[in-house]
Amino acid sequence: SLLWLFALSFCCGLQSVAAQSEQAFMGKWDITATGPKGSFPLWLEVKTEDGKLAGYFLNHTGSVLKVAEISVEGSELVFSPARGGSSAPKAVHRAKVTGGKLVGAGGNGTVNVEWVGVRPPKWGSYNASGNHKFGAPVELFDSKGMDNWEVQYKDRPLGWSVADGAMTNEAKANNIISKQQFKDFKIQAEYKLEAKSNSGIYLRGRYELQVLDDAGKEAESHGHMAIYSRTKPLTNASLAAGEWQMMEAIIVGNRVTVRLNGKTLHDNALIEGITGGALNSDEAAPGPIMLQGDHGKVWFRKVTVTPIVR
């Protein structure tokens, strides 16, 4: 009986150590990775679902996806992101918590990266739908020129021009980034899309509000004004391709309220984390407005940012 009690105690001790190891990894991580072509952001959340360890990973671009495999091996978190297709090589990442940071590395054997994750900011209690005191509006586009913008990719041409009071892109042009950065603010934009086209408006350069020609379709997490791949709009308020559309978003901390063509699509919605294509993962810092130009054709005739002052 003493031997049985010892074995039971030993087993429970191992389970306790395993549970403590898992607990160290739980929650969200804002990650900066470094690879052959420089640094870029990633994002990871570790949680339990139905009593089992689960993970959700943003591999820089695209959508937040549930990882294919995840486990804790000793003091290491080991996971494999979902593959883009059955022929895609399997990638494996391994990480340890060191000094409160998640330090890891991984890849598929061909492309490998090293990365460091930190906890997201401890956001306060914010209400994007509340009353705010606004400062002076900043006109990022004055219908004449693009002096307030720079390109995301310095080795690629601009691919944007101004005509008839609107700035427009060639298909597969550069993404453009405002030279000025903002923290909490209201943004108002007027734009129209070519048929079957899409773009995106990035708040602080990290959170994409999808811009998409999807009039008449069901609202979903990749639809027009969705917080891309994370939160679908309350309804689809899209107008037909070629019609001018008006959006307004107020972002305060990690909360956002969005209106499109007079309808509320997000009412103080929680921003769960960065979205695909984010410029960086430093969520506590101010950031620019980024407009996607590398997808389809879009015209912007107004982009106004009004800072919130306290």
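Residue positions are counted from 1 within each chain, in the order its sequence is given. Local features in a predicted model are, by the rule used here, given only for residues with pLDDT of at least 70; side-chain atom pairs are given and counted only at 80 or more, and totals for whole chains, interfaces and linings are based on all residues. The basis for every side-chain value is the complete set of non-hydrogen atoms in the structure, without hydrogens or water.

Chemist: Give a detailed account of the overall build of the chain, specifying residues and quantitative values.
Modeler: Elements are defined by DSSP. Helices are runs of H or I of four residues or more, strands are runs of E of two residues or more, and each kind is numbered from the N terminus. Counting its secondary structure elements, the chain contains 1 helix and 23 strands. Relative accessible area decides the class of each residue, using a 1.4 Å probe on protein chains only: under 20% of the type maximum gives buried, over 50% gives exposed, and in between gives partly exposed. Taking all 310 residues of the chain together, 45% fall into the buried category. Here, two residues are considered to be in contact whenever any of their heavy atoms come within 4.5 Å of each other. Look at the contacts in the chain between residues 6 or more apart in sequence, and 56% of them connect residues 24 or more apart. Approximately 15,400 Å² of the chain is accessible, and the part contributed by carbon and sulfur atoms is 51%. On the chain, the mean spot of the 34 positive side-chain charges and the mean spot of the 31 negative ones are 2 Å from each other. Residue burial considers only the protein chains on display, and all accessible areas are found by Shrake-Rupley using a 1.4 Å probe. Only four residue types enter the charge count: Lys and Arg as positive, Asp and Glu as negative, with His and the chain ends excluded. All charge positions are set by atom: Lys at NZ, Arg at CZ, Asp at CG, Glu at CD.

Chemist: An account of the pattern of salt bridges is needed here, citing residue identities and associated values.
Modeler: Just to be clear on terms, a salt bridge is a Lys or Arg side-chain nitrogen sitting within 4 Å of an Asp or Glu carboxyl oxygen. Counted by the stated rule, this structure contains 7 salt bridges. Across the salt bridge formed by Glu-190 and Arg-301, the nearest N and O atoms sit 2.9 Å from each other. Of this pair, Glu-190 sits in strand E16 (residues 185-193) while Arg-301 sits in strand E23 (residues 298-309); the two residues are 111 residues apart in sequence, bridging distant segments of the chain. Put simply, Glu-73, Glu-76 and Arg-94 are held in one network by salt bridges that share partners.

Chemist: Outline the sheet that holds strand E12 (residues 149-151), listing residues and values.
Modeler: Strand pairing is assigned whenever DSSP identifies at least 2 bridges connecting the two strands. As summarised here, the arrangement of the 5 strands in space is E12-E15-E22-E17-E18, forming an open sheet in which the pairing is antiparallel. Only two strands of the sheet have a single neighbouring strand rather than two, namely E12 and strand E18 (207-212). Across 6 bridges, strand E17 (residues 198-203) lies against E18 in antiparallel orientation. Its bridge partner being in E18, Ile-201 is matched across the sheet by Leu-209.

Chemist: Residue-level account of the packing of aromatic side chains, with values.
Modeler: Two rings from Phe, Tyr or Trp (for Trp, the six-membered ring) form a pair when their centres sit within 6.5 Å of each other. Planes less than 30 degrees apart are called stacked, planes more than 60 degrees apart edge-to-face, and all others tilted. All chains considered together, the criterion is met by 4 aromatic pairs. Ring centres of Phe-182 and Phe-185 lie 5.8 Å apart, and the angle between their planes is 55 degrees; this geometry places the pair in the tilted category. Like Phe-182, the residue Phe-185 is buried in the burial classification. On the basis of an interplanar angle of 45 degrees and a centroid distance of 5.6 Å, the ring pair of Tyr-191 and Phe-300 is categorised as tilted. One end of the pair, Tyr-191, is in strand E16; the other, Phe-300, is in strand E23, with 109 residues separating them in the sequence. Members of the aromatic cluster, each reached through a chain of ring pairs, are Phe-57, Phe-79 and Trp-115. Two conditions define a charge sitting above a ring: the NZ of Lys or the CZ of Arg must be within 6 Å of the ring centre, and it must be within 35 degrees of the ring normal. Looking at Arg-156, its charged tip hangs above the ring of Tyr-153, at a distance of 4.0 Å from the centre. Directly above the ring of Trp-43 sits Arg-230, whose terminal nitrogen or CZ lies 4.1 Å from the centroid.

Chemist: Mind laying out the pairing of strand E21 (residues 263-270), listing which residues take part and the relevant values?
Modeler: Successive side chains on a regular strand alternate, one facing one side of the sheet and the next facing the other. Relative to E21, strand E20 (residues 255-260) runs antiparallel, the two being bridged by 5 bridges. Across the sheet, the residue bridging to Leu-260 is Lys-263, located in E21. In this antiparallel pair of consecutive strands, E20 and E21, the connection spans 2 residues, and Asn-261 shows a positive phi of 50 degrees.

Chemist: Tell me about unusual backbone geometry, residues and numbers included.
Modeler: Glycine aside, residues mostly have negative phi angles, and peptide bonds mostly take the trans form. In this structure, His-60 is a non-glycine residue whose phi angle is positive, near 70 degrees. Mapping His-60 onto the fold places it in the loop between strand E3 (52-58) and strand E4 (65-66). Note on His-60: relative accessible area 26%, which makes it partly exposed. Although it is not a glycine, Asn-268 adopts a positive phi angle of roughly 55 degrees. Mapped onto the elements, Asn-268 comes out in strand E21. We classify Asn-268 as buried; its relative accessible area is 17%.

Chemist: I'd like a rundown of the layout of surface pockets, residues and numbers included.
Modeler: Method remark: on a 1 Å grid restricted to protein atoms, a set of points is classed as a cavity if a 1.4 Å probe fits but cannot get out and as a pocket if it is open with protein on both sides within 12 Å along at least five of seven lines; lining residues have an atom within 4 Å of a point. Grid points are joined across faces, edges and corners, and a volume is the space filled by probe spheres set on the points. Quantified by volume, the largest pocket comes out at close to 1,200 Å³. Contributing to the lining of the largest pocket are 44 residues, with Phe-40, Pro-41, Asn-59, His-60 and Thr-61 lying nearest its centre. Listed by contribution, the elements that provide at least two residues to the lining of the largest pocket are strand E2 (38-49), strand E8 (101-107), strand E9 (112-118), E17 and E18. With 5 residues, E2 is the single largest residue contributor to the lining of the largest pocket. Residue classes follow a fixed rule: Ala, Val, Leu, Ile, Met, Phe, Trp, Tyr, Cys and Pro count as nonpolar, while Asp, Glu, Lys and Arg count as charged, and any other residue, Gly among them, counts as polar. Grouping the constituent residues of the lining of the largest pocket by class yields 18 nonpolar, 21 polar and 5 charged.

Chemist: I'd like to hear about the environment of Tyr-153, residue by residue, with values.
Modeler: Structurally, Tyr-153 can be placed in the loop between E12 and strand E13 (160-163). According to the relative accessible area criterion, Tyr-153 is partly exposed, its value standing at 27%. Taking C-alpha positions, Tyr-153 is 30 Å from Arg-259, a pair spaced 106 residues apart along the chain. Other than its neighbours up to four places away in sequence, Tyr-153 contacts Asn-174 and Asn-175.

Chemist: Before we move on, could you go through the confidence of the model for the chain and cite the residues and values that matter?
Modeler: Any region with low pLDDT has predicted coordinates that should not be read closely. Here the chain shows a mean pLDDT of 93. Residues at 70 or above account for 92%. Throughout residues 5-14 the model reports pLDDT below 50, and contacts reaching past four residues in sequence, or to other chains, amount to 0 contacts. The quantity called pLDDT is the predictor's confidence in a given residue, expressed from 0 to 100.

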